[in-house]
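The chain contents come next:
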Amino acid sequence: MLTTFVVKSNLSENTPADQRISDKDLLSNVNTFFFAGSDTTSLALTWIIYLLSMYPSLQDRLRAEIRAFNATHPKLPAFSEKGGWDEVWSALDELPYLNNVIREALRLIPPVHSSIRVAMHDDEIPTSEAIRMRDGSVRYGVKIRKGQFVHIPVESMNTDKGVWGEDAWAFK
C-alpha cells in the first residue's frame, strides 16, 4: 500500500521533481516496504496480546475502556462495511488507554529492534554526554564520514535505564 502511495505521489503533477523518489531508489526499498508492513504488524499484535495476558488488571482496564467506547458509539460503521473508515479511526483516537498500551508495548518490544543507515555526507551525531577520546580530548558528538554505516539500536534506546528509569524493562 505504501509503495502504491509513493508511486502515485511520484506521478502526480503536484509533486515537484526534487521531491520525487527515483525509480532506482523505489525499487531498492520494495523489500523494506513489504517487510515493514507485514511481519512487523503481526509481531506487534502478538506481543501486545502476550503482554496483556501477563497483566490481567491492565487487560481488564483496556476491556472496560473498549466496552464503554462501544456503548457510546453505536452508529460507527461495522468493520465489514465499505467506507466510513475515517470516522472509525477518528473515534479510536478517543481511547487513551488503548493508545498507551500500544505505545508501551512498542517501546518495550519494538518489531524492528534496530536499523542501519548510510551517511549521505560527513557529519557529527551529537551526544548527551561527553566522550573522552584516547588522546584525552573531550567531544560531544561522534564524527561520521560519507558512506559510513550507522547502526540505530531502537530496542536499547527504548529500554535505557538512564532515560526510562530503573524499571525500564517493565510493561507499564
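Residues numbered from 1 in each chain as written. Predicted model: local features only at pLDDT ≥ 70, side-chain atom pairs only at ≥ 80, totals over all residues. Heavy atoms only, no water.

Peer 1: Would you mind showing me how to read the side chain of Glu65 here?
Peer 2: Structurally, Glu65 can be placed in helix 5 (residues 56-72). In this structure, Glu65 is buried with no salt-bridge partner, the nearest side chain bearing the opposite charge being Arg61 at 6.6 Å. Apart from the residues within four sequence positions on either side, Glu65 is in contact with Leu95, Pro96, Tyr97 and Leu98. (Helix = DSSP H or I, 4+ residues; strand = E, 2+ residues; numbered from the N terminus. Buried < 20%, exposed > 50% of the residue type's maximum accessible area, 1.4 Å probe, protein only. Lys, Arg positive; Asp, Glu negative; His and termini not counted. Salt bridge = Lys/Arg side-chain N within 4 Å of Asp/Glu carboxyl O. Contact = heavy atoms within 4.5 Å.)

Peer 1: What exactly am I supposed to notice about helix 4 (residues 39-54) here?
Peer 2: Helical geometry note: an α-helix holds 3.6 residues per turn, so side chains three or four residues apart project in the same direction. For helix 4, spanning 16 residues, the distance from its first C-alpha to its last is 23 Å, which sits close to the expected 22 Å at 1.5 Å a residue. Restricting attention to buried positions, one finds in helix 4 the residues Thr40, Ala44, Ile48, Leu51 and Leu52. Projected onto a plane normal to the axis of helix 4, the buried residues spread over an arc of 100 degrees and lie on a single side. (Expected span 1.5 Å × (residues − 1). Arc of directions from axis to C-beta.)

Peer 1: Hey, could you run me through the side chain of Arg107 in this one?
Peer 2: Structurally, the position occupied by Arg107 is in helix 7 (residues 96-108). A distance of 2.7 Å separates a polar side-chain atom of Arg107 from the backbone oxygen of Asn158. If we skip the residues at most four places from it in the chain, Arg107 touches Asn158, Thr159, Trp164, Ala168 and Ala170. (Polar contact = N/O pair within 3.5 Å; in protein donor to acceptor, adjacent residues only side chain to side chain.)

Peer 1: What exactly am I supposed to notice about the pairing of strand 2 (residues 123-132) here?
Peer 2: Looking down a regular strand, the side chains alternate between one sheet face and the other. Taken together, the six bridges between strand 2 and strand 3 (residues 138-144) define a ladder with antiparallel strand orientation. Note on strand 3: the bridge partner recorded for Arg132 is Val138. Between strand 2 and strand 3, which pair antiparallel one after the other, the connecting turn spans five residues, and Gly136 there sits at a positive phi close to 95 degrees. (Pairing = 2+ DSSP bridges.)

Peer 1: How do you make sense of the pattern of salt bridges when you look at a structure like this?
Peer 2: Side-chain pairing between opposite charges can occur once the charged atoms of the two side chains come close. A complete count under the given rule lists three salt bridges for this structure. Glu104 is the partner of Arg107 in a salt bridge, and the nearest nitrogen-oxygen pair spans 2.7 Å. Here Arg107 pairs with Glu104, and both are found in helix 7, just three residues apart, close to one helical turn. Asp167 is the partner of Lys172 in a salt bridge, and the nearest nitrogen-oxygen pair spans 3.1 Å. On the basis of relative accessibility, which here comes to 39%, the residue Asp167 falls in the partly exposed class.

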